[in-house]
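Coordinate inspection notes
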Amino acid sequence: MIGVGETTFRLRVRFRKADRLRYLSHLEVVHSCERAARRAGLPYAVTQGFSPHMKLAFGPALPVGTAGLGEYLDLWLRSYVPSEQAFQALRSASAAGLAPVKVKYIAEREPSLGSALTIAKYEVVLEGGEALREGLRGSFSAIIAEGELAVDHKGKQKVFELASTLPKEPDVSTSGERTTVGLTVRIGERGSLRPEALVTAALTRGALDGRIASVTRTELLVEEDGSWRDPL
Amino acid sequence: MSDLWSRIEPLLAGVERPVRYIDSEWGASHDDASYRVALVYPDVYEIGMANQALQILYGRFGALEDVTAERVFVPWKDMADAMRAADVPLFTLESCRPVADCDLVGITLPYELTYQNILEALDLAGIPLRSCDRTDDDPLIVGGGPCAFNPEPVAPFFDAILIGDGEDAVADIVAAHRSAKAQGASRAEILRALARVQGVYVPSLYEPRVSDGIFVGTTALEGAPAIVHKRVLPDLDSYRAPTCTVVPFMDVVHDRVGVEVLRGCARGCRFCQAGMVYRPVRERSADSIVRDATAALQCTGYDDVSLTSLSTADHSQLEEVLRRLTRRLEGTGVTVSLPSLRVDAFSVQVARLLGGGKKTGLTFAPEAGTQRLRDVINKNVTEEDLLRTVTQAFSAGWRRVKLYFMIGLPTETDEDIAGIGELVGRVFRAAREVTPPGERGGMRVAVSVSTFVPKAHTPFQWEAQIPLDEVRRRQAVLRDSMPGKGVDLSYHDSDVSFLEGVLSRGGREVADVIEAAWRGGARFDAWTEEFKPSRWSLAFEETGVDPGGIANRARRVDEPLPWDHISAGVSRAYLRIERDNAFAARTTADCTFDGCTGCGVCGSSRGANILAGDRRG
Ligand code: SF4
């Protein structure tokens, strides 16, 4: 399955995309991580064929502007490097905003990141205080009670079944003039619900006043036999 | 600290590609020295970050004692509008400081069609557009780059312009500025001090003279040298090129690290300004190229290193360099690339060495369709060379080739134009013969045709550029002569070439045109979809400058020219001899193979040709 012909080692990297670097696109994240791996001097494996390139795989993409605190990539190495050493090498070759948090070797038979990571947790921060909190709570309950949410994305309409898409009720809390919505979203086969879309729908429904200040994906989890676990 | 980030960030959600404005790249340096330099590239981030000179100067300024260099790009229209609405001034990327708070603002002059963006940048920064309106509180505005060899069209916007190589000059400029400031000098005194630095042109110390509406010469005022001689870095190996450049997150136009292998070109193509103004030829040694390429790849993490220069295939040790680099990079997925190739067998060999299995496409520039015209322009390529090269490439598996030509070259006739079509036809047939029948459907010859723009400091600096209706007529002649099947013909926009002609040979009066065009909304004219010829027509009308009188007029060879007080080292007498040779269709050999031909560059502070080995002709 590895397609590299010889024994390789699959290093899973949890990384963050944060601060100013949340403005990177997924493709820019991919290229930047590749460059960091080369700068780190790791013995990365290279695919065969006419245009050989580094073998690595990413979890679900993050849009421009959304930060991620626990994002994942798998990097295949040609030879074994102790994981602590690989981590230090990667860290010292990375910009602070796009940097490894933890690494671990995982078995080749484990499913790919793309298919394994199906639960995403988000934090959406809005400008607004207690009134906004109460309004959002009401709107979320009403939306969930309807069972479905239709979202326009790039001119196309997508309908999400909320029972499956939202495995947990949104959690809304306020501190001063900031309101934080905690969301858990199941990533389906046909794409995932963008947290801004759900929050915007709630704002519209309740005719609420609140500007989204930031969106952060805080965790990505593997769902196995009905329970969730850390991919590392 | 005047960090503007908290005011910039709220604007980012509403603009395209916010990654242009966020800094934080690998290799960006965040010093906090007392003397601040803002390096402005007059285009957007992804264009400017691909510019090697900018990276070199960033490194050179930053290495000076107690000097911080920061990058500045022109915000795209959406961001510029948002900044104006929110009253956010132009800022440096690294510290988000107002550009106006820096001590020195260096602005690159990469290409004539970026001139209005200089004004866009100064205006966004809140700095007066013209040197004469600036006060002691404003930063020093210094220009430099390829277009500096005729600085007159932008001269009023600059306090000083560096002519020639910047590597060593930047230290002298900073030192002169600092010491004058420390002595409490006025702005006028500072400018006079800068005029004493070799290679520095201070426009306010020169007065163009006009009599009866005709330009009759430029006078140097007291304290300024009559002629400003370009600065030359005599030996490229005497300094360390930056190997830890800033690595953009954004995918930029050339996503690779560049290592300069030589500077200058002595092939002597008579239309080519770069070939005249960057003499002498200075090769770097194979050892230092390999060392720097390796270090640059390690430090930046790029997967491609480009060996850059005007004519990389001329490097006398190129084969050795390529052999050593490809051996080192084997199995890493990292590649070596060359920006341009010559029309000869060696190039195909090189392309094979580089491409491995990839056969993307080869590019050659015969420039003219007949041997007579190629002799006029001194493009020493024969039809035989071209056919042989193409045959070798297609035999080796290439299926695509791109050919560059020009129309409007001096002495060109319709026969020469039809000659382009015939030559392309012969190239196609030669390629077809060595391509297996089953693969012939995939064969492609792309032909790209631009209009010749005469440039300052070349043997053709006196010639008339052909007017627009004549361009259209000749394009039609060309179209009729072009074989249809398998050939893709494309033209460079002739309105752009016309404007380029005006901006490259105009005098100081053109500054008013540039300002009027910018006030009329011209920004990013180097972007095809942004270029509106009508804005420039209005600007010419408003300022009363006749563009045809600049672009389409033949000059007498003894006529004063707006750039006569700027010396690129090649003598005017040599340019005249080369002009005579052109009209007699006599070629001139490359002095790096066949001995000096007397252009006048070598000697004194400008050094001489430096070759790392023997060149192959
Ligand atoms: S002076 Fe002679 S050797 Fe030097 S660049 Fe000119 S032609 Fe070549």
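Residues numbered from 1 in each chain as written. Chains lettered and ligands numbered in written order. Predicted model: local features only at pLDDT ≥ 70, side-chain atom pairs only at ≥ 80, totals over all residues. Heavy atoms only, no water.

Some details on helix α7 (residues 187-195) of chain B
The criterion, for reference: Each residue is placed in one exposure class: buried if its accessible area under a 1.4 Å probe, protein chains only, is under 20% of its type's maximum, exposed if it is over 50%, and partly exposed if it falls in between. The numbering of helices and of strands both runs from the N terminus, where a helix is a DSSP run of H or I of at least 4 residues and a strand a run of E of at least 2. Every residue pair with non-hydrogen atoms within 4.5 Å of one another is taken to be in contact.
Listing the buried residues of α7 of chain B in full gives Arg187, Ile190, Leu191, Ala193, Leu194 and Ala195 of chain B. Residues of α7 of chain B that are buried in the fold lie against β4 (140-144), β5 (160-162), α6 (169-182) and β6 (200-201) of chain B.

Some thoughts on the packing of aromatic side chains
Basically, it comes down to this: Each Phe, Tyr or Trp ring, with Trp reduced to its six-membered ring, pairs with another whose centre is within 6.5 Å; inter-plane angles below 30 degrees give stacked pairs, above 60 give edge-to-face pairs, and intermediate values give tilted ones. Definition used: whenever NZ (Lys) or CZ (Arg) falls within 6 Å of the ring centre and also within 35 degrees of the ring normal, the charge is taken to sit over that ring.
Taken as a whole and judged by the stated rule, the model has 10 aromatic pairs over all chains. Ring centres of Tyr80 of chain A and Tyr105 of chain A lie 5.3 Å apart, and the angle between their planes is 35 degrees; this geometry places the pair in the tilted category. Placement of Tyr80 of chain A in the loop between β3 (67-77) and α2 (83-92) and of Tyr105 of chain A in strand β4 (residues 98-105) is noted, with a sequence separation of 25 residues between them. Judged by centre distance (5.2 Å) and plane angle (75 degrees), the rings of Tyr45 of chain B and Phe73 of chain B are edge-to-face. Taken together, the residues Tyr45 of chain B in helix α2 (residues 45-48) and Phe73 of chain B in strand β2 (residues 67-73) connect sequence positions 28 residues apart. Accessibility expressed as a relative area gives 2% for Tyr45 of chain B, which makes it buried. Cluster of aromatic residues (ring-pair linked, three or more members): Phe9, Tyr80 and Tyr105 of chain A. The ring of Trp76 of chain A carries Lys55 of chain A above its face, with NZ or CZ at 4.2 Å from the centroid. The ring of Tyr58 of chain B carries Arg71 of chain B above its face, with NZ or CZ at 5.8 Å from the centroid.

Re the site of the ligand
Note the cut-off: By convention in these notes, a residue is near a molecule or strand provided one of its non-hydrogen atoms lies within 4 Å of it. Asp, Glu, Lys and Arg are counted as charged, while Ala, Val, Leu, Ile, Met, Phe, Trp, Tyr, Cys and Pro are counted as nonpolar; the rest, among them Gly, fall into the polar class.
Around the ligand, a shell composed of Arg279, Cys591, Cys596, Thr597, Gly598, Cys599, Gly600, Val601, Cys602 and Asn609 of chain B is seen. Looking at the shell around the ligand residue by residue, the class counts come to five nonpolar, four polar and one charged.

Details of the packing of helix α14 (residues 414-433) of chain B against helix α15 (residues 468-481) of chain B
Residue and element names in this part refer to chain B. Threshold: What counts as an axis is a line fitted to C-alpha atoms, over the stretch in contact for a helix, and the angles between N-to-C directions run from 0 to 180 degrees. Oblique is the label for every angle not falling under 35 degrees (roughly parallel), over 145 degrees (roughly antiparallel), or within 65 to 115 degrees (roughly perpendicular). In this scheme the crossing of two helices becomes right-handed for a clockwise turn of the near helix relative to the far one and left-handed for an anticlockwise turn of less than a right angle.
One can describe the packing of α14 onto α15 by two numbers: an axis separation of 8 Å at closest approach and a directional angle of 40 degrees. It follows from the interaxial angle that α14 and α15 lie oblique. At the point where α14 passes α15, the crossing takes the right-handed sense. Every residue of α15 that contacts α14 at Asp414, Ile417, Ala418, Ile420, Gly421 and Glu422 is listed here: Arg473, Arg474, Val477, Leu478 and Ser481. Partitioned by chemical class, the residues of the contact of α14 with α15 number five nonpolar, two polar and four charged.

Digging into the state of the cysteines
Put plainly, a disulfide is one covalent bond tying together the sulfur atoms of two cysteines. Residue and element names in this part refer to chain B. Cut-off, in case you're wondering: We call a pair of cysteine sulfur atoms a disulfide whenever their separation is within 2.5 Å.
The full count for this structure, using the stated rule, is one disulfide over all chains. Put simply, Cys244 and Cys299 are joined by a disulfide, and their sulfur atoms are 2.0 Å apart. Of note, the bridge from Cys244 to Cys299 carries an S-S torsion of about 115 degrees and is right-handed in sense. Here Cys244, found in the loop between β9 (228-229) and β10 (257-260), pairs with Cys299, found in helix α9 (residues 286-300); they are 55 residues apart in sequence, far enough to count as distant. In this structure Cys96 is not part of a disulfide, and its nearest cysteine sulfur, from Cys102, lies 12 Å away. Residue Cys96 is classed as buried on the basis of its relative accessible area of 1%.

Quick word on the pattern of salt bridges
Residue and element names in this part refer to chain B. In plain terms, the rule: By salt bridge we mean one thing: a side-chain nitrogen of Lys or Arg within 4 Å of a carboxyl oxygen of Asp or Glu.
Applying the stated rule across the entire model yields 69 salt bridges over all chains. Ionic pairing is found between Arg231 and Asp172, a salt bridge with its closest N-O pair at 2.7 Å. You can see Arg231 sitting in the loop between β9 and β10 and its partner Asp172 sitting in helix α6, a full 59 residues away along the chain. Overall, the relative accessible area of 32% leaves Asp172 in the partly exposed class. Residue Arg556 is joined to Asp558 by a salt bridge in which the shortest nitrogen-to-oxygen separation is 3.0 Å. A relative accessible area of 54% places Asp558 in the exposed class.

Distances and angles like these do not, on their own, reveal function.
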